[in-house]
Amino acid sequence: MKNILTLLAAFCMLSVFAGSSNAAPIFFDNFDSYTPGIPWPGEGNWTVTEQSVDLIGVGTAWDLLPGNGLYLDMDGSTGNAGTIESISIALAPGDYIFSYDIAGNQRGGGDDSVNILIGGGSLLNVTSIAGENVPFTTISLPFTVAVATSATISLDGVGGDNIGVLLDNIGIDSVDVVNVIPAPGAALLGSLGIGIVGWLRRRRKL
Ligand SMILES: [Ca+2]
Ligand SMILES: [Ca+2]
Ligand SMILES: [Ca+2]
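Okay, so let's go over this structure. (Residues numbered from 1 in each chain as written. Chains lettered and ligands numbered in written order. Predicted model: local features only at pLDDT ≥ 70, side-chain atom pairs only at ≥ 80, totals over all residues. Heavy atoms only, no water.)

1. Details of the overall build of the protein chain
Phase 1 of the analysis: Each helix and strand in the protein chain was counted, giving 2 helices and 14 strands.
Phase 2 of the analysis: Within the span of the protein chain, comprising 206 residues, buried residues form 46% of the whole.
Phase 3 of the analysis: In the protein chain, of all internal contacts separated by at least 6 residues, the share reaching a separation of at least 24 is 77%.
Phase 4 of the analysis: A total of about 9000 Å² of accessible surface is found on the protein chain, and carbon and sulfur atoms cover 57% of it. (Helix = DSSP H or I, 4+ residues; strand = E, 2+ residues; numbered from the N terminus. Buried < 20%, exposed > 50% of the residue type's maximum accessible area, 1.4 Å probe, protein only. Contact = heavy atoms within 4.5 Å. Areas by Shrake-Rupley, 256 points an atom, 1.4 Å probe, with all protein chains shown as cover.)

And the structure:
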């Protein structure tokens, strides 16, 4: 139920972007080019800043959700959930969508969560929860930058049992908002959210 609520919240927040005409990728990482690690020391766009995370998936003994290449287990094999931080990302004033794929631990460990902060929490500060068996689900959250800045994405796993949420496909897209749809009904909100999620997925396959 928590997952459904999380998704509904994301869909509702997305509704203001229903009239968007342009979007441009600012940052994206699917982790597939990195070397897996248990724990993972960080590589490329990412630095592990606290405790540990694991990078698992294809080619490892822990491909819990095949077909997604490599992905993060936010509760690392030291048994203390980790925090990773991205490189600094330049953000001009405007509207953005932060998106990520989140899945449950797939190992019977109950609900797990991750705290997500952009700009130290000044631009976006959310906690995302996934039930243990939930497959990868794309969540898209809007945020606005008022003054040009450089910001990092911080992903802070919660827990200490070595099995945490799985994360993949972390991205920021800039969005030009053309039309704002005023207060549509709940059903419309849901369909708009699903439509935008589908559009983001299609676009990434190009
Ligand atoms: Ca991946
Ligand atoms: Ca782990
Ligand atoms: Ca856990």
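2. Quick look at the sheet that holds strand β3 (residues 46-50)
Phase 1 of the analysis: With respect to topology, 5 strands assemble into an open sheet ordered β3-β6-β13-β9-β10, the strand pairing being antiparallel. Two strands in the sheet have a free side with no partner beyond their single neighbour: β3 and β10 (124-130). Going from strand to strand, the sheet's axes swing by 20° on average, the running direction of each strand aside. (Pairing = 2+ DSSP bridges. Axes fitted to C-alpha atoms, helices over the stretch in contact; angles between N-to-C directions.)

3. Here we look at the packing of aromatic side chains
Phase 1 of the analysis: One pass over the structure, following the stated rule, counts 8 aromatic pairs.
Phase 2 of the analysis: Aromatic side chains Phe-27 and Trp-46 sit 5.8 Å apart centroid to centroid with 85° between the ring planes, which places their arrangement in the edge-to-face category. Here Phe-27 is found in strand β1 (residues 22-29), whereas its partner Trp-46 is found in strand β3, with 19 residues between them in sequence.
Phase 3 of the analysis: Here a set of aromatic residues connected by ring pairs shows up, and it is made of Phe-27, Phe-31, Tyr-34, Trp-40 and Trp-46. (Phe/Tyr/Trp six-rings, centres within 6.5 Å; stacked < 30°, edge-to-face > 60°.)

4. So, the side chain of Asp-112
Phase 1 of the analysis: For Asp-112, the position within the fold is in strand β9 (residues 112-118).
Phase 2 of the analysis: For Asp-112, which is buried and forms no salt bridge, the nearest opposite charge comes from Arg-107, at a distance of 6.5 Å.
Phase 3 of the analysis: Engagement of the side chain of Asp-112 in a polar contact is seen with the side chain of Asn-105, the distance being 2.6 Å.
Phase 4 of the analysis: Apart from the residues lying within four places of it in its own chain, the contact partners of Asp-112 are Asn-105, Ser-128, Ile-129, Ala-130, Val-158, Ile-163, Gly-164 and Val-165. (Lys, Arg positive; Asp, Glu negative; His and termini not counted. Salt bridge = Lys/Arg side-chain N within 4 Å of Asp/Glu carboxyl O. Polar contact = N/O pair within 3.5 Å; in protein donor to acceptor, adjacent residues only side chain to side chain.)

5. Looking at the coordination of the calcium ion (ligand 3)
Phase 1 of the analysis: Bound to the calcium ion (ligand 3) on the protein side are Asp-112 (OD), Asp-161 (OD), Asp-161 (OD) and Ile-163 (O), at distances that span 2.3 to 2.8 Å.
Phase 2 of the analysis: We note that the donor set of the calcium ion (ligand 3) lies within a single chain, spaced as D-x48-D-x1-I. Placement of Asp-112 in strand β9 and of Asp-161 in the loop between β13 (153-158) and β14 (166-176) is noted, with a sequence separation of 49 residues between them. (Donors = N, O, S within 2.8 Å, 3.2 Å for Na, K, Ca; no water.)

6. Observations concerning unusual backbone geometry
Phase 1 of the analysis: Each neighbour pair has its own omega, and for Ile-38 with Pro-39 the value is -5°, a cis peptide bond.
Phase 2 of the analysis: Its place among the elements puts Pro-39 in strand β2 (residues 37-40).
Phase 3 of the analysis: One non-glycine residue, Phe-31, lies in the positive phi region at around 65°.
Phase 4 of the analysis: As for its placement among the helices and strands, Phe-31 is situated in the loop between β1 and β2.

7. Focus on the environment of Gly-76
Phase 1 of the analysis: Among the structural elements, Gly-76 can be located in the loop between β5 (70-73) and β6 (83-86).
Phase 2 of the analysis: For the pair Gly-76 and Gln-51, spaced 25 residues apart in sequence, the C-alpha to C-alpha distance is 7.6 Å.
Phase 3 of the analysis: Once residues within four sequence positions are removed from consideration, Gly-76 is found in contact with Ser-52, Val-53, Asp-54, Ala-81 and Asn-162.

8. Details of the coordination of the calcium ion (ligand 1)
Phase 1 of the analysis: Donor atoms from the polypeptide that coordinate the calcium ion (ligand 1) comprise Asn-30 (O), Asp-32 (OD), Asn-68 (O), Leu-70 (O), Asp-168 (OD) and Asp-168 (OD), at 2.3 to 2.6 Å from the metal.
Phase 2 of the analysis: Here the calcium ion (ligand 1) binds 6 donor atoms, and the angle range of 51 to 167° at the metal identifies the geometry as irregular.
Phase 3 of the analysis: Going along the chain, you hit the donors of the calcium ion (ligand 1) in the pattern N-x1-D-x35-N-x1-L-x97-D.
Phase 4 of the analysis: Judged by its relative accessible area of 4%, Leu-70 is buried. (Tetrahedral: all angles 85-135°; square planar, octahedral: opposite > 155°, others 65-115°.)

9. Focus on the pairing of strand β8 (residues 94-103)
Phase 1 of the analysis: Most of β8 is tucked away, with 8 of its 10 residues classed as buried.
Phase 2 of the analysis: Bridge count between β8 and strand β11 (residues 137-145): 9 bridges; the pairing is antiparallel. Note on β11: the bridge partner recorded for Ser-99 is Ser-140.
Phase 3 of the analysis: Pairing of β8 with β14, which is carried by 8 bridges, proceeds in the antiparallel orientation. Of the residues in β14, the one forming a bridge with Asp-95 is Val-175.

The quantities given are spatial measurements derived from coordinates; they are silent on function.
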